[in-house]
Each structure stands twice: as structure tokens, then as C-alpha cells.
Amino acid sequence: MSREDAPGQPPKRVRVTAPRSLASRAPSGYPVAREVAEQSEVGQVFVRSLIRSQLRLAVVVAVGFLLVLLAFPLLLAWVPGLNRAEFLGVPFVWLLLGVGVYPLIGLSAWLYVRTASRNEARYLDLVEEDE
């Protein structure tokens, strides 16, 4: 008696897949990827748009980082005793600049890379959408 015929045994699993279609995908007009490759006006518009968005992102992240970095001297000016404060014998200002800035650099870099990747993915979606 085979396993398939055994009472109480679950039936043999069968993998069901969609039939392969021999029909090719119909071309849609003039794909954007071709526009970009041929450096036509439309392709140049898409590439300039990506470059502008990446430049805008870089400027925003750099300005944000610099504003937070410039807040340290302002903090020292507004809080008079902070200049002389110490923590475990180390001046607090050194700790603030030495330890506090590096997480800020890491956060800025992480935000930049994440958003730049998202911009590039949107660009690729746009280019591949019309192929």
C-alpha cells in the first residue's frame, strides 16, 4: 500500500504554479530608460530632477547639522556656569563636543543615506514604470 493510499495520511503536497506565457509584454511608447540613455530632453529632465533632489537633500542635512553644531557655543553663552562645569574631572564642554557631536554625525549620515536611497528608488521606479 503506498503512502498516498494510506488512510489517515495527509495527501501529498502539490506545487501549483501559473502557466508560462509565451506572449511578450507589449512595448509602451518610448520608455524613459531609453530617453535617459539617449540623453534626450526628457531624459535630461529626469536626471536633472534626481540631481536637484539629491543636492537639496545634501544642503538640508548639512545646514541642519551646522545649526545644531552652532547651538553649542550659544548654549555656553546662555548658561554661564556650564563653561566651568566638570564631570569626573573632565570639563563638561569637552564631553559635550567630544561625545555629543559623534552621534549627531552618525544620525545626519543615516538620515542622508536613507533619504538619498529613497530618492534613487523613486527615480528608478519612474524610469522603469514606462518601459
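These numbers were taken from a predicted model, which means no experiment stands behind them.

## So, the nonpolar core
Then comes step 1: Counting five residues, the largest nonpolar core consists of Phe65, Phe72, Leu96, Val101 and Leu104.
Then comes step 2: Among the elements that line this core, the one with the most residues is helix H3 (residues 92–129), at three residues.
Then comes step 3: Aside from chain neighbours lying at most four places away, what touches Leu96 is Phe72, Leu75 and Val101.

## Brief notes about a nonpolar patch on the surface
Then comes step 1: Residues Leu55, Val59, Val63 and Leu67 make up a contiguous nonpolar surface patch of about 380 Å² in total accessible area.
Then comes step 2: Given the relative accessible area of 45%, Val59 is considered partly exposed.

## Observations concerning the confidence of the model for the protein
Then comes step 1: For the protein, the average pLDDT comes to 77, and 74% of its residues sit at 70 or higher.
Then comes step 2: Per-element mean pLDDT across the protein ranges from 57 in helix H1 (residues 32–37) up to 85 in helix H2 (residues 41–78).

## Thoughts on unusual backbone geometry
Then comes step 1: The backbone of Leu88 sits at a positive phi, close to 55 degrees, despite the residue not being glycine.
Then comes step 2: Along the chain, the position of Leu88 falls in the loop between strand E1 (86–87) and strand E2 (90–91).

So, how was this worked out
- Residues numbered from 1 in each chain as written.
- Predicted model: local features only at pLDDT ≥ 70, side-chain atom pairs only at ≥ 80, totals over all residues.
- Heavy atoms only, no water.
- Core = buried A, V, L, I, M, F, W, Y, C linked by side-chain atoms within 4.5 Å.
- Buried < 20%, exposed > 50% of the residue type's maximum accessible area, 1.4 Å probe, protein only.
- Helix = DSSP H or I, 4+ residues; strand = E, 2+ residues; numbered from the N terminus.
- Contact = heavy atoms within 4.5 Å.
- Patch = residues over 30% accessible without salt bridge, like charges linked within 9 Å, V, L, I, M, F, W, Y side chains within 5 Å.
- Areas by Shrake-Rupley, 256 points an atom, 1.4 Å probe, with all protein chains shown as cover.
- Salt bridge = Lys/Arg side-chain N within 4 Å of Asp/Glu carboxyl O.
- pLDDT = per-residue confidence, 0-100.

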